[in-house]
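# Fold and contact review
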Amino acid sequence: MTKSVISAKGVTKRFGDIVAVDDISFDVQKGEIFAFLGPNGAGKSTTIKMLTTMLRPTSGKLTLAGHDVTRERDSARKAFGIVFQDPSLDEELSAYENMELHATLYGVPKADQRPRIEELLKLVELDGRRDSMIKTFSGGMRRRLEIARGLLHEPRILFLDEPTLGLDTQTRNLMWNYVQKLSHEKGMTIFFTTHYLDEAEDVAERIAIIDHGKIVARGTTPELCRQTKTKTLEEAYLQLTGSTLRDETNADYNALNMKLSARNRKLR
Amino acid sequence: MDVLYILWLRQVRRYWRSGSRLLGTLGQPILLLLALGYGIGAIYRRAGEGNYLQFLVPGIITQTVLLSGIFWGIIILQDKRFGFLSEMLVAPVSRTKILLGSALGGATISIFQGILVFVLSVVFGFRPHSWAAVGPAFLVLVLMCVALTSFGAAIASMVDDFQGFQGINNLLVMPLFFLSSALYPLNNVPTALRIISTLNPVSYMVDALRHLLSNQAHFGLGKDMVVMAVVFVLCLAFAINRFNRIQM
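Residues numbered from 1 in each chain as written. Chains lettered and ligands numbered in written order. Predicted model: local features only at pLDDT ≥ 70, side-chain atom pairs only at ≥ 80, totals over all residues.

## Structural notes on the overall build of chain A
What counts, and what does not: Only DSSP runs of H or I reaching four residues or more are called helices, and only runs of E reaching two or more are called strands; each is numbered from the N terminus. Exposure classification rests on a simple neighbour count of other C-beta atoms within 10 Å of a residue's own: a residue reaching 20 or more is buried, one at 12 or fewer is exposed, and one in between is partly exposed. C-beta atoms are placed from the backbone. Any pair of residues counts as being in contact when their C-beta atoms, constructed from backbone geometry, are within 7 Å of one another.
What chain A contains, in helices and strands, is 11 helices and 10 strands. A buried classification covers 43% of the 268 residues belonging to chain A. For chain A, contacts bridging at least 24 residues in sequence account for 68% of all contacts bridging at least 6.

## Digging into the overall build of chain B
Using the following cut-off: Each radius of gyration reported is based on C-alpha atoms, and the globular scaling rule is 2.2 Å times the count of residues to the power 0.38.
Within chain B, the secondary structure is distributed over 11 helices and zero strands. Ordered by position from the N terminus, the helices and strands of chain B form the series α-α-α-α-α-α-α-α-α-α-α. Taking 248 residues into account, the globule formula puts the C-alpha radius of gyration at 18 Å, and chain B, at 18 Å, falls close to it. Dimensions of chain B along its principal axes, counting C-alpha atoms only, are 60 × 35 × 35 Å. Burial status across chain B gives 45% buried among its 248 residues.

## Observations regarding the packing of helix α3 (residues 95-105) of chain A against helix α4 (residues 110-123) of chain A
Residue and element names in this part refer to chain A. Going by this rule: Note on method: axes are straight lines fitted to C-alpha atoms, helices fitted across the in-contact stretch only, with angles between N-to-C directions ranging 0 to 180 degrees. Angle categories are assigned with fixed cut-offs, so that under 35 degrees is roughly parallel, over 145 is roughly antiparallel, 65 to 115 is roughly perpendicular, and the rest are oblique. The sense of a crossing depends on the near helix, which, turned anticlockwise from the far helix by less than a right angle, makes the crossing left-handed and, turned clockwise, makes it right-handed. As a working rule, the residues Ala, Val, Leu, Ile, Met, Phe, Trp, Tyr, Cys and Pro are called nonpolar, Asp, Glu, Lys and Arg charged, and the rest polar, with Gly in that last group.
Running from N to C, α3 and α4 cross one another at 125°; their axes reach a closest spacing of 10 Å. Regarding the angle of α3 to α4, the classification is oblique. As for the relative orientation of α3 and α4, their crossing is right-handed in sense. Facing α3, whose interface residues are Ala95, Tyr96, Met99, Glu100 and Ala103, α4 presents Gln113, Ile117 and Leu121. Of the residues that constitute the contact of α3 with α4, the class distribution is six nonpolar, one polar and one charged.

## Some words on the interface of chain A and chain B
Each partner contributes residues to the interface: chain A has 25 residues there, and chain B has 22 residues. The set of elements that each furnish at least two residues to the side of chain A that touches chain B consists of α2 (73-79) and α3 of chain A. Of all the elements, α3(A) adds the most residues to the side of chain A that touches chain B, at four residues. Its residues placed into classes, the side of chain A that touches chain B shows 11 nonpolar, four polar and 10 charged.

## Observations regarding the pairing of strand β1 (residues 4-15) of chain A
All names here are of chain A. Spelled out, the test is: A strand pair is defined by DSSP finding two or more bridges across the two strands.
Pairing analysis gives eight bridges linking β1 to strand β2 (residues 18-29), with the strands arranged antiparallel. Bridged to Phe15 within β2 is Ile18. Between β1 and β2, which follow one another and run antiparallel, lie two residues, and Gly16 among them has a positive phi close to 60°. The pairing of β1 with strand β4 (residues 59-64) spans five bridges and is antiparallel. Residue Ala8 lies in a different strand from β4, and its bridge partner there is Leu62.

## Quick word on the sheet that holds β2(A)
All names here are of chain A. Pairing is antiparallel across the open sheet formed by four strands, whose spatial order is β2-β1-β4-β5. The open sheet has two edge strands, β2 and β5 (67-68), and neither has a second partner. The pairing of β4 with β5 spans two bridges and is classified as antiparallel. When the bridges of β5 are listed, Thr63 appears paired with Asp68.

## Re the nonpolar core
The following threshold applies: We call a set of buried Ala, Val, Leu, Ile, Met, Phe, Trp, Tyr and Cys residues a nonpolar core when their C-beta atoms link them within 7 Å.
Core analysis: the largest hydrophobic core is formed by 137 residues, its most contacted members being Ala35(A), Ile157(A), Phe159(A), Leu209(B) and Ala239(B). Ignoring any residue separated from it by four or fewer positions in sequence, one finds Ile157(A) in contact with Val5(A), Ile6(A), Leu64(A), Ala65(A), Ala79(A), Phe80(A), Thr189(A) and Phe191(A).

## Some points on the environment of Lys229(A)
Note on placement: Lys229(A) falls in the loop between α8 (221-228) and α9 (233-241). Sequence-wise, Lys229(A) and Phe26(A) are 203 residues apart; in three dimensions their C-alpha atoms are separated by 23 Å.

## Let's talk about the sheet that holds strand β6 (residues 80-83) of chain A
Residues and elements named next belong to chain A. Across the sheet, which stays open at both edges, the six strands sit in the order β6-β7-β8-β3-β9-β10 with mixed pairing between neighbours. Because the sheet does not close on itself, it has two edges, and the strands there are β6 and β10 (214-219). When strand polarity is set aside, the average angle formed by the axes of neighbouring strands in this sheet is 15°. As paired strands, strand β9 (residues 206-211) and β10 are joined by five bridges and run antiparallel to one another. When the bridges of β10 are listed, Ile209 appears paired with Ala217.

## What about the confidence of the model for chain A?
Fine structural detail should not be taken from predicted coordinates in areas where pLDDT scores are low. Spelled out, the test is: The predictor attaches a confidence to each residue, and that confidence, scored 0 to 100, is pLDDT.
Across chain A, the average pLDDT comes to 88, with 90% of residues at 70 or higher. Ranking the elements of chain A by mean pLDDT puts helix α10 (residues 246-249) of chain A last with 50 and α3(A) first with 97.

## What to know about the environment of Gly41(A)
Tracing the backbone through its elements, the reader meets Gly41(A) in the loop between β3 (33-37) and α1 (44-51). Along the backbone, Gly41(A) and Ala20(A) are 21 residues apart, and their C-alpha atoms lie at a distance of 8.1 Å.

This is the structure we're talking about:
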């Protein structure tokens, strides 16, 4: 019997009158690579924020490795690592110091910190830049360090929220190879959001397509094609989500996008 | 304890590495000491009020920590805008702890600057009334710095952009400084100004330091300490409350 590591049951999130996520349910099995695919403003980021305890669901139940994200928040938090959509390193600290801070916040024992940090820095090929300030790092280096940081407390789940935005193809390939290795070799469960079809198709074992806050289809790429009687994931995706531009079709979604980006407080 | 320490260390490390911040915050007190201490000092003496530097230095120390304490909040704003706050807030640590560790780091920086200004003042000719009172004055400084840093953190938690923060601060810091007992004795000022200054908590901070360092007091140390204790608790509670409400 397989046991689900991530489980969502009837999860809804409202912001005032706007329903960002509308009664969604899904399960992700141990060691699985699962993608949340959808257009901008579909509810991907809101879902990942609820899963990672940043937002409280209006209703429904979310569990990570058996821990309820609202009632057993700290246990749930120890169960996952996250690579945020926006950069989240302290620019004025070194790579090692960023890792050290994370390890301490997550209660990694002092004696384990140094060897673990050095091992992970080697893994993402940043051991040579151990003591450099983050402000001297390129976008790709930062992302690699963020992945290493997310793994520092040995989580069972790794969340990646649109992790390849702004990265070049080489870095993207390298990153996904590495993520796949983690899943295959360590049995880590990977959950990522994206709006790039190729990433979902190449990397994920199962895909959920989300639109207007609802999961409109789920399954492997062949299953999604079969369900929609199409030949490629792109055709399936467009049939499910429509081919019109979001921003022009639905005023509510404009409002939602604005609201969400205000919440994200993005600068870049 | 480890968590508080690492958050404190982060603030201190960042400060220590940024030479420009250190110099920037010392420029103003030096200017005030020179221009006011020596410029106004001559008139002050002629008016029969004694040595103005002895009167002024506690006010300048207060101004330094008022500015650096409240402006420290900008780091919380930076963390909010540049993403590092998310990393801290999804960690299995309470927000109150994150705030306390960081604010204690900020307060340490302010305390350090206050001490630096004190040392500078001694170089410029200030003499503490009694060296034995410097210890208690240090404790007053610590209390002030934690309160003011928390206040800055509370404001930074509520605003979302740097201009807003800057604006609120200018609206607060300058009046809090100029309308306090920092620059002039409250005995002979017009009634309106005296009332405002008496309501301004910063006056009590200045007064406590002035009592201990220069043996001159307007309200008296007892009253100063009571007001400061209340302000300390209020600022800390305000900061914890606001920081816990930050939406991600």
